[in-house]
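# Chain and residue survey
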Amino acid sequence: KQWYQRRVRGFSKVDKKTATAGFSAAQLTQYYMDSTPSLNSLIEQAGSEDELLGELQVSFIVFLLGHVYSAFDQWKRLTDTACRASRSLAQRSNFYKNFIRTLHYHLKETPSDFFVDIVSRNNFLVTTLKLLFEGLREEEGVPEELKSRGEKFRAHLEKFYSWDFSYCEEDDPVIVET
């Protein structure tokens, strides 16, 4: 009953403005490079990792079947937040194993060009998943089972959708010295 009452109010809030209030420039940069604090906040709002994954699934289904764009927006925000939270990969390996499985089934239900922005011809999901795969490869303490699952998922996406997740130096952040 508690889950239902909380869900009637709507989706969890992915609020970057409130979360970053009072941050220094360095903290703000770190926040936008790694969304672990946002992911932790979302899990806290949802009640558990499984509840947040349930919200990810509900938002996808509501969009897919009901054609509700705000649900798709929520799915994108949740996916982006989880993929950019590289420090949480080692701490929340079960969440990420289930997250990868969930995304796998979501992608099976959509055409390969679905996530391409018509104006920029940019696939937001490729950009977002590239960050997840880099985190799995580079973060310390990530369990081998999660790394293996991530690698299999990446290989599947590259083969099935012809998406390219290869590393490119142009993707590195630019550090400006003052």
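Let us look at the structure shown here.

About the criteria used
- Residues numbered from 1 in each chain as written.
- Predicted model: local features only at pLDDT ≥ 70, side-chain atom pairs only at ≥ 80, totals over all residues.
- Heavy atoms only, no water.
- Helix = DSSP H or I, 4+ residues; strand = E, 2+ residues; numbered from the N terminus.
- Buried < 20%, exposed > 50% of the residue type's maximum accessible area, 1.4 Å probe, protein only.
- Areas by Shrake-Rupley, 256 points an atom, 1.4 Å probe, with all protein chains shown as cover.
- 1 Å grid on protein atoms, 1.4 Å probe; cavity = no way out; pocket = protein on both sides within 12 Å on 5 of 7 lines; lining within 4 Å.
- Points joined across faces, edges and corners; volume = space filled by probe spheres on them.
- Nonpolar A, V, L, I, M, F, W, Y, C, P; charged D, E, K, R; others polar.
- Salt bridge = Lys/Arg side-chain N within 4 Å of Asp/Glu carboxyl O.
- Contact = heavy atoms within 4.5 Å.
- Phe/Tyr/Trp six-rings, centres within 6.5 Å; stacked < 30°, edge-to-face > 60°.

## Notes on the overall build of the protein
- Helix and strand counts for the protein stand at 9 helices and 0 strands.
- Start at the N end of the protein and walk to the C end: the helices and strands fall as α-α-α-α-α-α-α-α-α.
- Counting over 178 residues, the protein shows a buried share of 39%.
- About 11,000 Å² of surface is accessible on the protein, with carbon and sulfur atoms providing 53% of the total.

## Structural notes on the layout of surface pockets
- Taken as a whole, the second largest pocket holds about 160 Å³ of empty space.
- Phe-133, Leu-136, Arg-137, Glu-151 and Arg-154 are the residues nearest the centre of the second largest pocket, which is lined by 10 residues in total.
- Those elements that provide at least two residues to the lining of the second largest pocket are α8 (124-138) and α9 (144-161).
- A total of 4 residues in the lining of the second largest pocket trace back to one element, the largest contributor, which is α9.
- Looking at side-chain class alone, the lining of the second largest pocket contains 4 nonpolar, 2 polar and 4 charged residues.

## Side note on the pattern of salt bridges
- Across all of its chains, the model carries 9 salt bridges by this definition.
- A salt bridge links Glu-151 to Arg-154, with the nearest nitrogen and oxygen atoms 2.0 Å apart. Note that Glu-151 and Arg-154 are positioned in helix α9 at a spacing of 3 residues, about one turn of the helix.
- Residue classification places Glu-151 among the partly exposed positions, given a relative accessible area of 39%.
- Arg-154 sits in the buried class, given a relative accessible area of 19%.
- Glu-158 is the partner of Arg-154 in a salt bridge, and the nearest nitrogen-oxygen pair spans 2.4 Å.

## Concerning the side chain of Thr-79
- Note that Thr-79 resides in helix α6 (residues 69-84).
- Discounting chain neighbours no more than four positions away, the residues touching Thr-79 are Leu-56, Phe-99, Leu-103, Leu-125 and Thr-128.

## Side note on the packing of aromatic side chains
- This model, assessed by the stated rule, comprises 13 aromatic pairs.
- Ring centres of Trp-163 and Phe-165 lie 6.4 Å apart, and the angle between their planes is 80 degrees; on these two criteria the pair is classed as edge-to-face.
- Looking at Phe-165, the relative accessible area reads 5%, which means it is buried.
- Put simply, the rings of Phe-60, Phe-63, Tyr-69, Phe-72, Trp-75 and Phe-124 touch in pairs and so form one group of aromatic residues.

## Overview of empty space enclosed by the protein
- By the definition in use, this model includes 1 cavity of 30 Å³ or more.
- What lines the largest cavity is Leu-39, Leu-42, Leu-52, Leu-53, Leu-56, Leu-78, Thr-79, Ala-82, Phe-95 and Phe-99.
- Residue assignment for the lining of the largest cavity shows that the elements contributing at least two residues are α4 (36-46), α5 (49-66), α6 and α7 (93-108).

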